[in-house]
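# Residue-level structural notes
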Amino acid sequence: MKRILGLITMAAVYVLPAAAQESYTELNYKFQKGQQFELKQESRSETYTTVNDVVQRVTRDFNNTIAIEVTELNPGRTLLTFRYKDLKFNFNSRNQNIFVDAKTPNDKEPFQGALSNILDHPFTVEIQTTGNINSVNGLDNLLDSASAAFTSLKKDEQDAYKKLMKDQFGTNAFRSWLEQLLVIYPAHGIKTGTQWEESVPLRTGLIGRMDLYWNLQTWDSQTAKINATGKLKTNKLEQFTIEDGILATAEIEGTMQSNYLIDQSTGMPSICVQNTEMNGNYTYKANKAKRLKNDLKVPVKVITNASYKIKQMK
């Protein structure tokens, strides 16, 4: 009898950990009206193009702080209000360098005036409890108003600044950035080792799609660790405009690696670190005004490193 009880006890010791490993967690965005968050972004993107055997390098650095408030709750979806509280941006292309700290006046840099007009002005994002983004509203109107800072410039300079602002801070750029930052959760419970996927369009000037693959590494009652791989591919037939006003197509592929520490109480990533690398070719379309007699294939490489922190303030 003692031997039988001993065997039963030993069996229980081995069964319980196995059962614990099979436990599930429900990951989704759980907000309460009036909650406030602060998002800090630090990122650098480097683009290398080789035109007629000459390597050209463009860098973009962001160091931003964004306030987020939960302003409306509805079944299955939430309205979040975003406000830029601090905005630092550095753009370097060939012989042009634009450094902007939106809080520091600089009459010599029109872009500073425009970005300072963005600070503390609200725009909204409607998000599902899974993390899918329904809409981004008010941001393009905000940028249009901020563009008043360019009115004293020549027409071609105004157009160049407006394009730079739209490409970096417009609705499509912001939505693409946010979709890559926020995890899109499955609509069912998951356990350690569960993998799931989602596909979102590229909205950063390049036209194509990114397939995202997430994996739940570990979790407890307070946090969850998730890693993700994004595989992106452009549509090589769709045209877009590069900085020089030249029409181009892009045949580019790449990967993005992300690591998240998730706050289980809200579903928001407390920390996210991302690294992206893309390689391929632009094809500049023939343009007499730009002295391009024929289409020109241009090798391109893009490297982006970014880190984010989201802290609940209220």
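These numbers were taken from a predicted model, which means no experiment stands behind them. (Residues numbered from 1 in each chain as written. Predicted model: local features only at pLDDT ≥ 70, side-chain atom pairs only at ≥ 80, totals over all residues. Heavy atoms only, no water.)

### Observations concerning the overall build of the chain
Counting its regular elements, the chain contains 5 helices and 13 strands. Viewed in the frame of its principal axes, the chain has a C-alpha envelope of about 95 × 45 × 30 Å. By residue count, 45% of the 314 residues in the chain fall in the buried class. Intrachain contacts of the chain at a sequence separation of at least 6 include 60% that bridge at least 24 residues. (Helix = DSSP H or I, 4+ residues; strand = E, 2+ residues; numbered from the N terminus. Buried < 20%, exposed > 50% of the residue type's maximum accessible area, 1.4 Å probe, protein only. Contact = heavy atoms within 4.5 Å.)

### Some thoughts on the nonpolar core
Side chains of nonpolar character tend, in soluble globular proteins, to be buried together. Of all hydrophobic cores here, the largest spans 83 residues; its most connected members are Phe 111, Leu 115, Phe 174, Ile 226 and Tyr 284. Tallying contributions element by element places strand S13 (residues 296-312) first for this core, with 7 residues. Apart from the residues lying within four places of it in its own chain, the contact partners of Ile 226 are Leu 27, Val 183, Tyr 185, Trp 196, Trp 214, Asn 215, Leu 216, Gln 217, Ser 258, Asn 259, Tyr 260 and Ile 262. (Core = buried A, V, L, I, M, F, W, Y, C linked by side-chain atoms within 4.5 Å.)

### Points about the side chain of Thr 65
If you trace the backbone, Thr 65 turns up in strand S2 (residues 54-74). Excluding anything up to four places from it in sequence, Thr 65 contacts Glu 38, Leu 39, Lys 40, Arg 83, Tyr 84, Lys 85 and Asp 86.

### Focus on unusual backbone geometry
With a phi angle near 70°, Asp 53 is a residue other than glycine that sits in the positive phi range. Within the chain, Asp 120 stands out as a residue other than glycine whose phi angle is a positive 70°. Tracing the chain through its elements places Asp 120 in the loop between helix H2 (110-116) and strand S5 (123-128). What makes Asp 120 partly exposed here is its relative accessible area of 43%.

### Let's talk about the packing of aromatic side chains
Each aromatic ring pair is characterised by the separation of its centres together with the angle its planes make. If you walk through the whole model with that rule in mind, you get 21 aromatic pairs. Measuring from centroid to centroid gives 6.4 Å for Tyr 282 and Tyr 284, while their planes differ by 25°, and the two rings are stacked. Residues Tyr 282 and Tyr 284 agree in their burial class; the two are buried. Lys 231 extends its terminal NZ or CZ atom over the ring of Tyr 213, reaching a point 5.8 Å from the ring centre. (Phe/Tyr/Trp six-rings, centres within 6.5 Å; stacked < 30°, edge-to-face > 60°. Lys NZ or Arg CZ within 6 Å of the ring centre and 35° of its normal.)

Function cannot be inferred from these measures alone, as they are strictly geometric.
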